Amino acid sequence: MRRNHALSLVVVVCLSVAAPVHAQMGMNLFKKPNITDIFKPVVGKGGVYETQHLDKDQPARTMEMTIVGKDTVDGQDAFWFEVSREDEKKHQPVYTKMLVTRDFQFHKMVFQQPGQQAMEMPFHPETNDKSKQHRDEELEKWHQVGTESITVPAGTFSCAHWQKDDGKGDVWVSDKVSPFGMVKMVNEHETMTLTKVITDAKDHITGPVKTFDPEAMKRQMMEQYQQKPKQ
């Protein structure tokens, strides 16, 4: 659960701090970004990131964020946004992809764990409402402090530098990176750095997709618990 929570925070931060295009064209540099300016999906593009916890006892983790396909929802363009991370126990990738329209509304979510069939999570309209509220709250916590050229393993980028109002977070973003522009993030717990720009991203979730059944998962977890040897 901690990894899933951390992942959701990473996405919120990406959305909250990417610099809007019109800010770079001479308008108010300190205007809060608009979500439709932030999300710049290009099919096949994305990035690989390395997350290093400040607690040196924890190993670095790798995550990919890519756009792997395009669809339509109610006549609007929609994009499949895929995130991959490593399963901490099996050390194999776990894939999640979400169907997102340009106004950054989520419409579907599919995930696939190592060796298992892909499953689609039920998605409810109120989920979008809560996400939008949380996103708007996060946007208010950041301000732009200037532009800088920074070098990371993926190369050198001219970036807008955003900082959290409490001084406990910094993010550098570039419109050369899809889908959210993040090049580097630093906070009090970890750093996240772009190590590679992806230009040929493919959909990793393959095979048939079934509907997520929470009751079946509960039964499976109970069976696994009962099969564990007694201490």
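Above: the structure in question.
Residues numbered from 1 in each chain as written. Predicted model: local features only at pLDDT ≥ 70, side-chain atom pairs only at ≥ 80, totals over all residues. Heavy atoms only, no water.

(A) Layout of the pairing of strand S10 (residues 182–187). Of the strand pairs in this sheet, strand S9 (residues 169–173) and S10 are connected by five bridges, and their pairing is antiparallel. In the sheet register, Val 173 faces S10, and the bridge partner there is Met 182. Where S10 and strand S11 (residues 190–198) come together, three bridges link them in antiparallel fashion. Paired with Met 185 across the strands is Met 192, a residue of S11. Counted along the chain from S10 to the antiparallel partner S11, the turn is two residues long. (Pairing = 2+ DSSP bridges. Helix = DSSP H or I, 4+ residues; strand = E, 2+ residues; numbered from the N terminus.)

(B) Expanded view of the packing of aromatic side chains. Tallied over the entire structure, the rule returns one aromatic pair. Between Phe 81 and Phe 180 the ring centres are 5.1 Å apart and the planes differ by 90°, which places this aromatic pair in the edge-to-face class. One end of the pair, Phe 81, is in strand S3 (residues 76–86); the other, Phe 180, is in the loop between S9 and S10, and 99 residues separate them in sequence. Each member of the pair Phe 81 and Phe 180 is classed as buried. Lying over the aromatic face of Trp 80, Lys 97 brings its terminal NZ or CZ to 4.7 Å of the ring centre. Above the plane of the ring of Trp 172 lies Lys 184, whose end atom (NZ or CZ) is 6.0 Å from the centre. (Phe/Tyr/Trp six-rings, centres within 6.5 Å; stacked < 30°, edge-to-face > 60°. Buried < 20%, exposed > 50% of the residue type's maximum accessible area, 1.4 Å probe, protein only. Lys NZ or Arg CZ within 6 Å of the ring centre and 35° of its normal.)

(C) Focus on the sheet that holds S10. Pairing is mixed in the open sheet, where twelve strands are placed in the order S7-S8-S9-S10-S11-S1-S2-S3-S4-S5-S6-S12. Edge strands, defined here as strands with exactly one partner in the open sheet, are strand S7 (142–152) and strand S12 (209–211). In this sheet, neighbouring strand axes are inclined to one another by 25° on average, regardless of whether the strands run parallel or antiparallel. Relative to S12, strand S6 (residues 118–121) is paired through three bridges, and the arrangement is parallel. Its bridge partner being in S12, Met 119 is matched across the sheet by Lys 210. (Axes fitted to C-alpha atoms, helices over the stretch in contact; angles between N-to-C directions.)

Function cannot be inferred from these measures alone, as they are strictly geometric.
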